[in-house]
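# Remarks on the overall topology
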Amino acid sequence: MLDDPGTRIIVCCGSGGVGKTTTAAALGLRAAERGRSVVVLTVDPAKRLAQAMGLTELDNTPRRVDGCDLDGVGREGGELHAMMLDMKRTFDEIIEAHADPERARQILTNPFYQSLSSSFSGTQEYMAMEKLGQLRRSGDWDLIVVDTPPSRSALDFLDAPERLGRFLDGRLIRILMAPAKVGGRSAFKLLNAGFGMVAGILTKVLGAQVLKDIQMFVSALDAVFGGFRQRAEQTYRLLQAPGTAFLVVAAPERDAMREASYFVERLAEEGMPLAGLVVNRVHRTPAASLSAARSCAAAEDLESNGEHALTAAVLRLHARRMQLAAREEREQEHFTSVHPTVPVTRVPAMPEDVHDLAGLRQIGQLLSSNGASSVSRSA
C-alpha cells in the first residue's frame, strides 16, 4: 500500500489509547524513506508525535522532519512533513478565505463564533476533514496520513460535517437569521408576534447580549455557510474514492476489539475503503511450546523443594505471559470470526514506548514485514 502511487490518503482510526498516532507516524516515515513525499496530520493533543520526530512542536503548518533515511532503499525524492491540527486556526482560515474582509472581521471577533470555533461538539472532527481537503487540494504531497481524533465513539469525524450542518441549518438558526434576511429594524424586532415571543423567551434564557451575539454571527455566517456544506461533501467523497485507505487500529483487549468491530461495520455502511486492522501491543513469548500449566507445575515443584527460587519466579512469569497471550488471541479470534475477510496485522508489544525515529522505523518495519503476523481469511 505504501509503495502504490495510487494510494494517496491513509486514515488511521480507532478508539483512544491503542496506538493510532504511533501507527500513523510509522507509516508516514516508512513511506517517506521508500521515496514518497508524505505529510502526517495528527489531531492528538499530546506531544508524542513531535517528540518522536525530533521536533520541538507541531502546529497548523506542515513542518519538515529531518533524520529520515532516504538512502536506505535506494529511492530518491522522499520527504516527511508533520503537523498537528489547530481547529480554531483552521476555522478562521475558512472564514478568511470565503468572506469579504469586513464580514470576516465581524465573524472572527464575534464572541459566539469564538466559543463555537473552540469548543462546539464536532468542531475538531469537522476541521480535521477540512484540513485533509486543503492538503489534498494543494497537491504538495504524494501521500497524506491522517491520525483521527482520539475518540471511543466510532467515526465521529465522518459524522461531524452533518452534525455541524444540522446546527447551522437548524430551526433555531433559521429563526434567528430571519430579521437579517428581511432587513429588520433591530436584532430583536422579528417578523411577527410568533417570532417576537420566541425572541422574548430566548432573551430571558440566554440574555440580551448573548442573543445579539448569536444573531450577528448567524447573519454574517449566512454568506459563507454554503461553502461549508460543499467542502464537506467534497472531502466525504474523497474519503470514499479509490486512492483512500482506512486502517482500523486496536489493542488486543475486549473493549478495543469490540470498538474495532464497530468501526469496520460503520466503514462498510458508509462505503469507505477498508485496508485492514492493525492490532498493536500483542504479547508473545519465545518459549511458546512451554504451556502455562506445565510452567506453573514446574514452579510448584521447585518451590516445594526449596530450590532455584529465581527459576521458579521466571516460570511463573512465563505462565502469566502465556495466559495473557491466550486471552488476547481469544479476543482477536472473535473479531476474525465476525469479520473473516478483513486482513489483520499484529504488531508485538515493544519493551518501551516509541520516542524517536528509530522506534518509529522499527514499528514501520514490523507493519510491513514478516515481523508482524499478517492474516487474511476468505469467507
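A quick note: this is a predicted structure, and the numbers were derived from the prediction, not measured.

Unusually for a residue other than glycine, R281 sits at a positive phi of about 60°. Within the secondary structure layout, R281 lies in strand β7 (residues 274-282). Phi is positive for H308, which is not a glycine, with a value near 50°. Topologically, H308 is positioned in the loop between α13 (292-304) and α14 (309-338).

Axis angle and axis distance: for two packed helices, these are the angle between their axes and the distance between the axes, and together they describe the pair. It is the contact of helix α12 (residues 254-270) with α14, at a shortest axis distance of 9 Å, that shows an interaxial angle of 15°. Classified by the angle their axes make, α12 and α14 are roughly parallel. Of the two possible hands of crossing, α12 and α14 adopt the one that is right-handed. The segment α12 lies against α14, with R254, M257, A260, S261, V264 and E265 engaging E331, Q332, F335 and V338. A per-class count over the contact of α12 with α14 returns five nonpolar, two polar and three charged.

The next point concerns the packing of helix α3 (residues 87-98) against helix α6 (residues 123-138). Interhelical geometry of α3 versus α6 gives an angle of 60° and a closest axis separation of 9 Å. Looking at the two axes, α3 sits oblique to α6. When the axes of α3 and α6 are compared, the crossing they make is left-handed. Residue-level contacts link M87, T90, F91, E93 and I94 of α3 to T123, Q124, Y126, M127, E130, K131 and Q134 of α6.

Once that is clear, we can look at the environment of L267. Position of L267 among the secondary structure elements: in helix α12. For the pair L267 and Q240, spaced 27 residues apart in sequence, the C-alpha to C-alpha distance is 9.6 Å.

Applying the stated criterion across every chain yields a total of one aromatic pair. Taking 5.2 Å as the distance between ring centres and 80° as the angle between the ring planes, the aromatic pair formed by F91 and Y113 counts as edge-to-face. Residue F91 is located in helix α3, and its partner Y113 is located in helix α5 (residues 111-119); the two are separated by 22 residues in the primary sequence.

Turning next to the layout of surface pockets. Here the second largest pocket is characterised by a volume of approximately 340 Å³. Lining the second largest pocket are 17 residues, with M1, L247, T345, L367 and S368 positioned closest to its centre.

This brings us to the pairing of strand β2 (residues 37-42). Along β2, six of the six residues are buried, which leaves the element largely enclosed by surrounding structure. Across six bridges, β2 lies against strand β4 (residues 79-84) in parallel orientation. By the bridge assignment for β4, V40 is matched with A82. Bridge count for β2 against strand β5 (residues 143-147) is five bridges, and the pairing is parallel. In the strand pairing of β5, V39 is matched with I144.

The rules behind each value
Residues numbered from 1 in each chain as written. Predicted model: local features only at pLDDT ≥ 70, side-chain atom pairs only at ≥ 80, totals over all residues. Heavy atoms only, no water. Helix = DSSP H or I, 4+ residues; strand = E, 2+ residues; numbered from the N terminus. Axes fitted to C-alpha atoms, helices over the stretch in contact; angles between N-to-C directions. Parallel < 35°, antiparallel > 145°, perpendicular 65-115°, else oblique. Left-handed = near helix turned anticlockwise from the far one by under 90°. Contact = heavy atoms within 4.5 Å. Nonpolar A, V, L, I, M, F, W, Y, C, P; charged D, E, K, R; others polar. Phe/Tyr/Trp six-rings, centres within 6.5 Å; stacked < 30°, edge-to-face > 60°. 1 Å grid on protein atoms, 1.4 Å probe; cavity = no way out; pocket = protein on both sides within 12 Å on 5 of 7 lines; lining within 4 Å. Points joined across faces, edges and corners; volume = space filled by probe spheres on them. Buried < 20%, exposed > 50% of the residue type's maximum accessible area, 1.4 Å probe, protein only. Pairing = 2+ DSSP bridges.

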